[in-house]
Amino acid sequence: MARPLPGAPAAQALLAEAARRAGRLAAPPGLALVRVGDDPASVAYVRGKARKAAEVGLRSAVHALPEAAPQAELLALLGTLNADPAVHGILVQLPLPPHLDPEPVLGAILPEKDVDGLHPVNIGRLWAGQPGLRPCTPAGVMALLAFYGLPVAGQRAVIVGRSALVGRPLAALLLNANATVTVAHSRTPDLGAVTREAELLIVAAGRAHLITPDMVRPGATVIDVGINRVADAPGQGRLTGDVHPDVAAVAGALTPVPGGVGPMTVAQLLMNTVLAAEAPAGQEGRGGRFR
Ligand SMILES: NC(=O)C1=CN([C@@H]2O[C@H](COP(=O)(O)OP(=O)(O)OC[C@H]3O[C@@H](n4cnc5c(N)ncnc54)[C@H](OP(=O)(O)O)[C@@H]3O)[C@@H](O)[C@H]2O)C=CC1
Ligand SMILES: Nc1nc(=O)c2c([nH]1)NC[C@@H]1CN(c3ccc(C(=O)N[C@@H](CCC(=O)O)C(=O)O)cc3)C=[N+]21
């Protein structure tokens, strides 16, 4: 039976470290959470992040723009937040409404305030193996593996998913940690043949129960990033992962959904805000402060 890997204790450890380091700063780090529109999931995520920020001693502010806000209005808000010395981290909740192009929006955030780690400068630094702010979910996965002492160096790692938010940056972090990395996606033929090679399997596809027991190497560590709302009964949406629960009989270790990677994402966002506050603007990376 797989060793369960709950996120809460690992997230608590990360939050305690963030709170300790925030307490050493002259002023509490400030996090700006920008949301466009009133999508219930985004409202819930942003509220959850603001609540956790307060627990860690960070100041946070939610900036909500109406669904129809023009790109210029969002860019103007980001300009104001970039210039505000009390704001150390800026996150724009994705996805944005379809009329807004995320690329120039994410590119408008100062790289040293980009606590989502999605700015091209930070992605470039990540792939170059240089210090910089790392995307929250991939960094949260690495923190969870470290917390449970699970091996990464030299491991055969397979990631299912190649998105900018999860799959691609995670591949870079695993490479930087000396794993041997394969990235699968919707165009990978015979996905099971690839996933069965993995000693470390991370699934970020957004497909409920995509991974079944026959697709998992016995004893493998399986990290389920997927969060899918499935309707058991009309209106009774519950969360389930990309990994079928029966995989627990084959895997050596397995994260639950909910209660696995999700809490790590939020904890890493708050740690990124502390890291951004510790490194004076423009000095980041020189002092090796970022991982
Ligand atoms: N726990 C957390 O904190 C977070 C969880 N998530 C969750 O993780 C999941 C992935 O998120 P995100 O990366 O943004 O999703 P995207 O939809 O952007 O990317 C999904 C990826 O999975 C691949 N994929 C889809 N179907 C299959 C398939 N049948 N076989 C193999 N690969 C497939 C896609 O391939 P292709 O590129 O070919 O289309 C794509 O690369 C979602 O469920 C999301 O809710 C996301 C962020 C944070
Ligand atoms: N710019 C940006 N950065 C993100 O990192 C980002 C984003 N936009 N848009 C949405 C996705 C998704 N995401 C999650 C964060 C926490 C949980 C989380 O804590 N989930 C809980 C369950 C919460 C619930 O009960 O709904 C869990 O899995 O245990 C889930 C998903 C971050 N994302």
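Reading the values: the criteria
Residues numbered from 1 in each chain as written. Chains lettered and ligands numbered in written order. Predicted model: local features only at pLDDT ≥ 70, side-chain atom pairs only at ≥ 80, totals over all residues. Heavy atoms only, no water. Domains from an automatic or database assignment. pLDDT = per-residue confidence, 0-100. Contact = heavy atoms within 4.5 Å. Pairing = 2+ DSSP bridges. Helix = DSSP H or I, 4+ residues; strand = E, 2+ residues; numbered from the N terminus. Salt bridge = Lys/Arg side-chain N within 4 Å of Asp/Glu carboxyl O. Buried < 20%, exposed > 50% of the residue type's maximum accessible area, 1.4 Å probe, protein only. Near = heavy atom within 4 Å. Polar contact = N/O pair within 3.5 Å; in protein donor to acceptor, adjacent residues only side chain to side chain. Areas by Shrake-Rupley, 256 points an atom, 1.4 Å probe, with all protein chains shown as cover.

Undergrad: Can you help me understand the domain arrangement of the protein in this one?
TA: As assigned here, the protein comprises domain 1 (24–113) and domain 2 (136–264). Domain 1 and domain 2 are separated by 28 Å when their C-alpha centres are compared.

Undergrad: What exactly am I supposed to notice about the confidence of the model for the protein here?
TA: Parts of the prediction with low pLDDT should not have their coordinates interpreted in detail. In this model, the protein carries an average pLDDT of 94, and 95% of its residues clear a pLDDT of 70 or more. In this model residues 282–291 is a low-confidence stretch, pLDDT under 50, and it forms 21 contacts with partners more than four residues away in sequence or in other chains. The ipTM assigned to the predicted complex is 0.97, against a pTM of 0.94.

Undergrad: Can you help me understand the sheet that holds strand 8 (residues 221–224) in this one?
TA: Paired through backbone hydrogen bonds, the strands of a sheet run either parallel or antiparallel to each other. Reading across from one edge, 1-11-8-7-5-6 is the order of the six strands in this open sheet, with parallel pairing throughout. Of all the strands in the sheet, just strand 1 (3–4) and strand 6 (180–184) have a single pairing partner and so form its edges.

Undergrad: Which parts of the structure should I look at to understand the environment of Ala18?
TA: By secondary structure assignment, the location of Ala18 is in helix 1 (residues 7–23). With residues up to four places along the chain from it excluded, the contact list for Ala18 reads Val56, Met271 and Val274.

Undergrad: Explanation requested: the pattern of salt bridges in the structure shown.
TA: Any two side chains of opposite charge can pair, given that their charged atoms come close. Throughout the structure, instances matching the rule amount to six salt bridges. Measuring nitrogen to oxygen at the nearest pair gives 2.8 Å for the salt bridge that ties Glu278 to Arg21. Here Glu278, found in helix 9 (residues 261–278), pairs with Arg21, found in helix 1; they are 257 residues apart in sequence, far enough to count as distant. For Glu278, a relative accessible area of 11% gives the class buried.

Undergrad: Honestly, the site of ligand 2 in this entry has me stumped. Any pointers?
TA: By nearness alone, 15 residues border ligand 2, and Val92, Gln93, Leu94, Asp116 and Gly259 come closest of all. Val92 has a polar backbone atom sitting 2.8 Å from a nitrogen atom of ligand 2. Measuring from an oxygen atom of ligand 2, one finds a backbone N or O atom of Gly262 at 3.4 Å. Expressed as a share of its isolated accessible area of 680 Å², the protein-covered part of ligand 2 is 76%.

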